[in-house]
Amino acid sequence: MTPTLSISPRFLLHEINRGEAARRAPSALAVLPVGATEQHGPHLPLGTDFLIVEHVTRAAAQEARASVDVLVAPTFQTGSSHHHLPFGGTISLSTKRYYGALRDMTESLIQSGFRRIFIVNGHGGNHELIELVVRDLALSHACNLGAASYWNLARESLAERMPDLRQRLPGHAGVFETSLILALRPELVADRLPHRTAEELARMTVPPAPFRAERHGFWQSIDGYTDSPDQASAERGQRLLEIVIAAVAAELVRFARLPLSEGDGVIG
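Here the structure is a predicted model, which means the values were calculated and not measured. (Residues numbered from 1 in each chain as written. Predicted model: local features only at pLDDT ≥ 70, side-chain atom pairs only at ≥ 80, totals over all residues. Heavy atoms only, no water.)

Student: What is the right way to look at the environment of A247 in this model?
Tutor: One can find A247 in helix α10 (residues 234-256). With a relative accessible area of 10%, A247 lands in the buried category. Along the chain, A247 and E131 lie 116 residues apart, while their C-alpha atoms are 19 Å from each other. Once residues within four sequence positions are removed from consideration, A247 is found in contact with L153, A154 and S157. (Helix = DSSP H or I, 4+ residues; strand = E, 2+ residues; numbered from the N terminus. Buried < 20%, exposed > 50% of the residue type's maximum accessible area, 1.4 Å probe, protein only. Contact = heavy atoms within 4.5 Å.)

Student: So what exactly am I meant to see when it comes to the packing of helix α3 (residues 95-111) against helix α4 (residues 127-137) here?
Tutor: Geometrically, a packed helix pair is captured by the angle between its two axes and the distance between the axes. Interaxial distance between α3 and α4 falls to 9 Å at its minimum, and their mutual angle equals 45°. Judged by the angle between their axes, α3 and α4 are oblique. By crossing handedness, the relation of α3 to α4 is classed as right-handed. In this structure, α3 uses T95, Y98, Y99, L102, R103, T106, E107 and I110 to contact α4, whose residues at the interface are L129, I130, L132, V133, D136 and L137. (Axes fitted to C-alpha atoms, helices over the stretch in contact; angles between N-to-C directions. Parallel < 35°, antiparallel > 145°, perpendicular 65-115°, else oblique. Left-handed = near helix turned anticlockwise from the far one by under 90°.)

Student: How do you make sense of the environment of G89 when you look at a structure like this?
Tutor: Note that G89 resides in the loop between β2 (70-72) and α3. Taking the C-alpha atoms as reference, G89 lies 7.0 Å from L46; in sequence the two are 43 residues apart. Setting aside residues no more than four positions away along its own chain, G89 makes contact with T37, E38 and L46.

Student: Would you mind going over the nonpolar core with me for this structure?
Tutor: Nonpolar side chains tend toward joint burial in soluble globular proteins. Core analysis: the biggest nonpolar cluster contains 48 residues, and F118, Y150, L158, F176, V248 and L252 have the highest contact counts within it. With twelve residues, α10 is the largest single contributor of residues to this core. Those residues in contact with F118 that lie beyond four places of it in its chain are L29, A30, V31, L32, G146, A147, A148, L153, L252 and F255. Counting 27 residues, the second-largest nonpolar core is a separate cluster that includes L71, L109, F114 and C143. (Core = buried A, V, L, I, M, F, W, Y, C linked by side-chain atoms within 4.5 Å.)

Student: How do you make sense of the packing of helix α2 (residues 48-64) against α10 when you look at a structure like this?
Tutor: Contact geometry for α2 and α10: axes closest at 8 Å, N-to-C directions at 55°. In terms of orientation, α2 lies oblique with respect to α10. In the crossing of α2 with α10, the sense of the turn from one axis to the other is right-handed. The residues of α10 that touch α2, namely those facing H55, V56, A59, A60, E63 and A64, are L241, V244, I245, A246, V248, A249, L252 and V253.

Student: Would you mind showing me how to read the packing of aromatic side chains here?
Tutor: Aromatic ring pairs are described here by two measures, namely the spacing of the ring centres and the angle between the planes. For the coordinates displayed, the defined rule picks out five aromatic pairs. Each ring, one from Y150 and one from F176, has its centre 6.3 Å from the other, and the planes form 20°; the classification is stacked. You can see Y150 sitting in helix α5 (residues 150-153) and its partner F176 sitting in helix α7 (residues 175-184), a full 26 residues away along the chain. Like Y150, the residue F176 is buried in the burial classification. On the basis of an interplanar angle of 75° and a centroid distance of 5.4 Å, the ring pair of F218 and W219 is categorised as edge-to-face. Classification of F218 as partly exposed rests on a relative accessible area of 22%. Counting every residue linked through ring pairs, the aromatic cluster contains Y150, W151 and F176. A cation over an aromatic ring shows up here: R196 above the ring of Y225, its NZ or CZ 3.8 Å from the ring centre. (Phe/Tyr/Trp six-rings, centres within 6.5 Å; stacked < 30°, edge-to-face > 60°. Lys NZ or Arg CZ within 6 Å of the ring centre and 35° of its normal.)

Below, the structure written as structure tokens:
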């Protein structure tokens with residue numbers, strides 16, 4: 001007698017049909033990765049942010065699905081990136097339009113029956129907006145909505161195991177992101193990585209402050225990338241990925257297990 005094989009359900013939302021989506025939505029965690037298409041210095045591809053967040057989210061979901069049902073939505077590849085427009089090669093939505101687009105996508109998942117939705121972000125310019133989207137939608141929908149940038153989900157683990165990166169997370173096209181892309185898509189990275197001296201790094205460093213400061217022309221003044229990318233390596237990138245993926249997976253499971261509101265009769 002031929003034994004019955006146990007086949008795990010697919011975990012990418014775009015690979016299942018509407019019937020399966022409707023059946024799994026009420027109890028599954030829907031994860032929406034969001035990134036950007038923008039300049040990343042003279043050495044990294046324009047798709048750096050969405051390439052990294054897509055890989056991290058899918059790999060984390062693979063780990064998390066051992067404990068909870070997870071469905072990963074297609075990655076939103078456009079971000080709020082107007083600060084990178086002067087360099088060219090950037091596709092951006094304004095703050096208002098990005099908020100509206102992400103709110104519509106999240107609300108679409110709610111209308112499709114999902115009650116647990118988590119947005120995982122891979123671009124610094126999106127960070128505040130993803131938080132606003134889940135805050136606002138939770139006022140009118142009896143759902144559990146979460147949002148975070150992947151590096152923040154892993155910040156404690158990264159600081160513990162790679163303390164030299166503590167002040168450079170996530171940076172922009174610096175050693176952190178360059179290492180990740182070297183591990184994921186080395187063929188997309190320029191052969192020569194930019195270098196900055198200790199004096200240059202000191203001039204660029206913004207000391208911690210209890211306020212947010214923005215300076216006109218800042219990105220042009222640093223040529224569109226932070227710190228010294230030539231300190232990156234594929235080996236470091238692989239270690240970073242392992243740390244980040246494990247941390248994101250753990251947080252997705254923790255979020256998925258939070259009790260749901262009973263306001264609309266749905267009980268977690």
